[in-house]
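Single-letter residue listing:
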Amino acid sequence: MSSTPTAGGRHLTLTVGPPAAGGTFVARHEGRVVFVRGSAPGETVTARLVDDPEQHANARFWRAEAVDVLEAGVDRVPTVWQEASVDGVGGAEWAHIALPAQRRIASEVMQELLRRAGVTSYPIEQVQVEPAPHDVDGLGSRTRVRFAVDEEGRVGMRGWRSHEVRDVGENPLAAQGIRDLRLGEWTAPEGTEAVDAVAPSAGPVSVVLVGRDLDPASLEIPESWGDADVAVRTGRGLVPLRGDGLVHERVGERLFSVSATGFWQGHRRAAELLSDVVQSVLKAPHGGSAWDLYGGVGLFAAIAAEQVGSEGAVVTVEGNRRASQLAQENLEDLPQVSTATADVADWVRARRGGVDVVVLDPPRNGAGAELIELLARTVRQRIVYVSCEPSTLARDLAVAEKAGWKVVDLRAFDLFPHTHHVESVTVLERA
């Protein structure tokens, strides 16, 4: 492949091959691996190196961004978000790839991660990333968006591997309520480091300004925010200016209160979809016991409680104190549920006796070997593992297999359209 130094960074002509974890694609230059963003399988592109070859001469790999497509691949389509293209914002690295191809590529990545981890108890070729119900084009699906703010108060998003804040344009992946805020036309007050915008399923849009030294009194709420709830999060905590600092999400007949800065699934159909899947596979015995680990505000604990009934027992364990408090409030009509605010591994390690079933939904770094091994010794019937990161899921499943468990079901979902991210639900039983 040819190489040309330019003022904007060294440019390479590369033929792009298979996908890599993280949303890039693999090319090679003089034997060195180059991870290329903004490309697609089978393409020939001109790519600009992100890494300085002079400083990274001995690096095992380089990173690059495609700046010109010389021969397009069959999966390329016009981008759905121009501002996420070359030199644009991060967070939509596959916006130029057809949605069916995105899911095929994500499936290939997930299958390869499972193979490399050594998972053998489940036919890996059956793992296929499914779309969310009724998600035709993946647009308008994100109900939670964090915006960056530069020193001049301009609101946008950071570029790929960049600290520069860039314009988001129409931001087509965000829910309509978030786009209606027109944050890109607004100047944030001094001290604002980020802006969180939430479009919940029940209630008004919420806007939270984030900054350690931000003065809540300095905020003048613009007319474009309409009836949005507004809060400021500083080093001293969350200060509601309009509303109570909570957002409300409806799943089925149940309403969940969530802190405006707390965790909730970011796709408009995600909580409903994942709840339906967990409900179908958890199979907690009536009158039995269940743990909901990394339980957040109680989404899956509510499902377990329905299954064990009033004679059973459910414990939901969450490390975030505010989320744990809200879980207790959200589930106060279910006396069979108790809440614990604790580190999950510490809490499980301290238990005496077993439990029938467990559902866990850890953060991106996964459950980890210690917790998986603890659960392998403690759980009597079934573990349901909800994951947002295939690489750490694959690692943890391999640990579970070595501890005497097997994967009996694994479903993966495209809940982050136009990105490489995948959400999945895995069912484990004793081998």
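About the cut-offs
- Residues numbered from 1 in each chain as written.
- Predicted model: local features only at pLDDT ≥ 70, side-chain atom pairs only at ≥ 80, totals over all residues.
- Heavy atoms only, no water.
- Helix = DSSP H or I, 4+ residues; strand = E, 2+ residues; numbered from the N terminus.
- Buried < 20%, exposed > 50% of the residue type's maximum accessible area, 1.4 Å probe, protein only.
- Areas by Shrake-Rupley, 256 points an atom, 1.4 Å probe, with all protein chains shown as cover.
- Polar contact = N/O pair within 3.5 Å; in protein donor to acceptor, adjacent residues only side chain to side chain.
- Contact = heavy atoms within 4.5 Å.
- Core = buried A, V, L, I, M, F, W, Y, C linked by side-chain atoms within 4.5 Å.
- Pairing = 2+ DSSP bridges.
- pLDDT = per-residue confidence, 0-100.
- Expected span 1.5 Å × (residues − 1).
- Axes fitted to C-alpha atoms, helices over the stretch in contact; angles between N-to-C directions.
- Left-handed = near helix turned anticlockwise from the far one by under 90°.
- Nonpolar A, V, L, I, M, F, W, Y, C, P; charged D, E, K, R; others polar.
- Salt bridge = Lys/Arg side-chain N within 4 Å of Asp/Glu carboxyl O.

**Some words on the overall build of the protein**
Part 1: Check the secondary structure of the protein and you find eight helices and 23 strands.
Part 2: Every one of the 431 residues in the protein was classed for burial, and the buried ones make up 56%.
Part 3: About 19100 Å² of surface is accessible on the protein, with carbon and sulfur atoms providing 47% of the total.

**Overview of the side chain of Glu401**
Part 1: Following the sequence through the fold, Glu401 ends up in helix 8 (residues 390-402).
Part 2: Side-chain polar atoms of Glu401 contact the backbone nitrogen of Thr120, separated by 3.1 Å.
Part 3: Apart from residues lying up to four places away in sequence, Glu401 is in contact with Gly118, Val119, Thr120, Ser121 and Val407.

**Section: the nonpolar core**
Part 1: Counting residues in each nonpolar core, the largest one holds 58 residues, and the members touching the most others are Leu114, Trp291, Leu293, Val348 and Leu375.
Part 2: Ranked by residue count, the leading element in this core is helix 8, at six residues.
Part 3: Grouped together as the second largest cluster of nonpolar side chains are 46 residues, Ala270, Val297, Val308 and Val314 included.

**Points about the pairing of strand 9 (residues 155-158)**
Part 1: Sheet topology places strand 8 (residues 144-149) next to strand 9; two bridges connect them, and they run antiparallel. Each bridged residue has a counterpart across the sheet, and for Ala148 the counterpart in strand 9 is Gly156.
Part 2: Here two bridges tie strand 9 to strand 10 (residues 165-166), and the two strands are oriented antiparallel to one another. Among the inter-strand pairings, Arg158 is bridged to a residue of strand 10, identified as Val165.

**Thoughts on the confidence of the model for the protein**
Part 1: On average, residues of the protein carry a pLDDT of 94, and 97% of them reach 70 or more.
Part 2: Note on residues 1-8: pLDDT under 50 across the span, and 19 contacts to partners over four residues away in sequence or across chains.

**With respect to helix 8**
Part 1: Its 13 residues give helix 8 an end-to-end C-alpha distance of 18 Å, which sits within 8% of 18 Å, the value for a rise of 1.5 Å per residue.
Part 2: Along helix 8, ten of the 13 residues are buried, which leaves the element largely enclosed by surrounding structure.
Part 3: Looking at helix 8, one finds that the buried residues are Pro390, Thr392, Leu393, Ala394, Asp396, Leu397, Ala398, Val399, Ala400 and Glu401.

**Quick notes on the sheet that holds strand 17 (residues 289-293)**
Part 1: Read across the sheet, eight strands follow the order 7-22-23-21-20-17-18-19 without closing on themselves; strand pairing throughout is mixed. Single-partner strands in this sheet number two, and they are strand 7 (129-131) and strand 19 (337-341). Neighbouring strand axes in the sheet, compared pairwise and without regard to direction, differ in orientation by 20° on average.
Part 2: In this sheet, strand 19 lies alongside strand 18 (residues 313-318) in parallel orientation, the contact comprising five bridges. For Val317, the partnering residue across the bridge sits in strand 19 and is Ala340.
Part 3: Docked against the sheet, helix 1 (residues 99-117) engages strand 7, strand 22 (405-414) and strand 23 (423-430), running at close to 155° with respect to strand 22.
Part 4: Across the sheet, helix 4 (residues 299-308) is in contact with strand 17, strand 18, strand 19, strand 20 (355-360) and strand 21 (379-387); its angle to strand 18 comes to roughly 170°.

**As for unusual backbone geometry**
Part 1: At Glu30, a position not held by glycine, the phi torsion is positive, near 50°.
Part 2: Topologically, Glu30 is positioned in the loop between strand 3 (25-29) and strand 4 (32-37).
Part 3: Although it is not a glycine, Lys283 adopts a positive phi angle of roughly 55°.
Part 4: Within the element layout of this structure, Lys283 appears in the loop between helix 3 (270-282) and strand 17.

**Considerations on the packing of helix 7 (residues 369-378) against helix 8**
Part 1: Where helix 7 meets helix 8, the closest approach of the two axes is 9 Å, and the angle between their N-to-C directions is 35°. The handedness of the crossing between helix 7 and helix 8 is right-handed. Here Ala369, Ile372 and Glu373 of helix 7 lie close against helix 8, whose contacting residues are Asp396, Val399 and Ala400.
Part 2: Here the contact of helix 7 with helix 8 is composed, by residue class, of four nonpolar, no polar and two charged.

**Examining the environment of Asp137**
Part 1: Following the sequence through the fold, Asp137 ends up in the loop between strand 7 and strand 8.
Part 2: Each residue touching Asp137, except ones within four places of it in the same chain, is listed here: Leu99 and His418.
Part 3: A distance of 3.0 Å separates a polar atom in the side chain of Asp137 from the backbone nitrogen of Leu139.

**Some details on the pattern of salt bridges**
In a structure, side chains of opposite charge can pair up when their charged atoms sit close to one another.
Part 1: Per the stated rule, a full pass over the model turns up 24 salt bridges.
Part 2: A salt bridge links Arg37 to Glu65; the nearest nitrogen and oxygen atoms lie 2.8 Å apart. Remark: Glu65 occurs in strand 6 (residues 61-71) and Arg37 occurs in strand 4; sequence separation between them is 28 residues. The residues Arg37 and Glu65 share a single accessibility class, namely buried.
Part 3: The network of salt bridges with shared partners includes Arg37, Arg48, Glu65 and Asp87.

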